[in-house]
Amino acid sequence: MSNEALRGEKTIQEPAHKVSLIDSVDEMTVRLLVDAGIGPGMRVLDVGCGSGDVSLLLAKLVGKDGKITGIDRDGPSLEIARERVRKLHLSNITFIKGDICAISPGLGPFDAAVGRRVITYLPEPVDAIRKIAAALRPGGVVAFVEHDATMVPGRLKPLPLQEQVSTWIRKTIEYEGADIHIGFNLPLLFEQAGLTLEHVRAEAIIQTPRTQYPTVAIIRAMFPRIIKAGVATEEEIDLETLEQRLFDERTKANLVYVSDMVFTVWARKSGIPK
Ligand SMILES: C[S@@+](CC[C@H](N)C(=O)[O-])C[C@H]1O[C@@H](n2cnc3c(N)ncnc32)[C@H](O)[C@@H]1O
């Protein structure tokens, strides 16, 4: 899902403090990129770049001497990405249309290939990771950020509506072929693709009764897909009242809970030492 979709949301009740999902996942992404060694002057491939959120984060890290290439198969998302880059007058980001399962080594060489919320959707992830790695220089880094639904929502007491909403999301992306356990699987997939694992970590997105969380924006953006997957009916979702019902539930329960888990993993291609 694009961050634009998430940003479209307004909450009914103004919370006492605001913690945005977008900000926290972007922070996690930047931490991953910095810790994986992405820095000034590097040539980086943004795999499944969508509308360019990660490419823009990367541009700040590599600076004017670095170069970002974003690749995605979705033309409209790439147009949004190009327009954002035009508006920011950035000359070191290029977006190309293509299938990441068929990346040619000739696209590189890159110092690093990174991506967010992408491997989870690939039918043959090991093959795709091999192809991505083939476009790297020896010793290059592969780093991914992937959401994992295995342990969410984590809570001390029941939150029936929140649990139901999590189930709608999980079952829909599962129906579409996504690996909802990608965080647990990714380190092994990297190794099967011949990479040397360097680091694996997971961070939780925590909600408090007063946290602003764009749950309804996510459900609204996913609505046609949820209906198509047959996971819930329009009446069960009842978009018009969902925000208020979720707010009432978490206020009444007064619970802190884990609404999402974000795994960040990086590995290295063999070759010249780092
Ligand atoms: C959930 S979006 C994430 C976009 C971006 N990485 C971000 O974090 O904002 C997943 C993206 O992967 C792209 N994608 C999925 N499978 C792909 C494939 N085989 N080839 C190219 N792009 C693909 C989709 O088009 C979509 O833009």
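Residues numbered from 1 in each chain as written. Predicted model: local features only at pLDDT ≥ 70, side-chain atom pairs only at ≥ 80, totals over all residues.

### So, the site of the ligand
Close to the ligand lie 19 residues, the nearest being G48, G50, R73, D74 and R116. Those elements giving two or more residues to the shell around the ligand turn out to be α3 (53-62) and β4 (110-116). Residues that form the shell around the ligand fall into these classes: seven nonpolar, five polar and seven charged. (Near = placed C-beta within 6 Å. Helix = DSSP H or I, 4+ residues; strand = E, 2+ residues; numbered from the N terminus. Nonpolar A, V, L, I, M, F, W, Y, C, P; charged D, E, K, R; others polar.)

### Brief notes about the sheet that holds strand β3 (residues 93-97)
In space, the seven strands of this open sheet follow the order β3-β2-β1-β4-β5-β7-β6, with mixed pairing throughout. Both edges of this open sheet fall to β3 and β6 (196-207), since each of them pairs with a single strand only. Looking at each pair of strands side by side, their axes are set apart by 15 degrees on average, direction ignored. Of the pairings in the sheet, the one linking β6 to strand β7 (residues 257-268) comprises eleven bridges and is antiparallel in character. Considered in β7, the bridge of I205 is made with D260. Most of the contacts of helix α5 (residues 125-134) go to strand β5 (residues 136-148), to which it runs at about 140 degrees, and overall it touches β1 (43-47), β4 and β5. The strands that helix α7 (residues 182-192) touches are β5, β6 and β7; relative to β5, the one it contacts most, it runs at about 165 degrees. (Pairing = 2+ DSSP bridges. Axes fitted to C-alpha atoms, helices over the stretch in contact; angles between N-to-C directions. Contact = placed C-beta atoms within 7 Å.)

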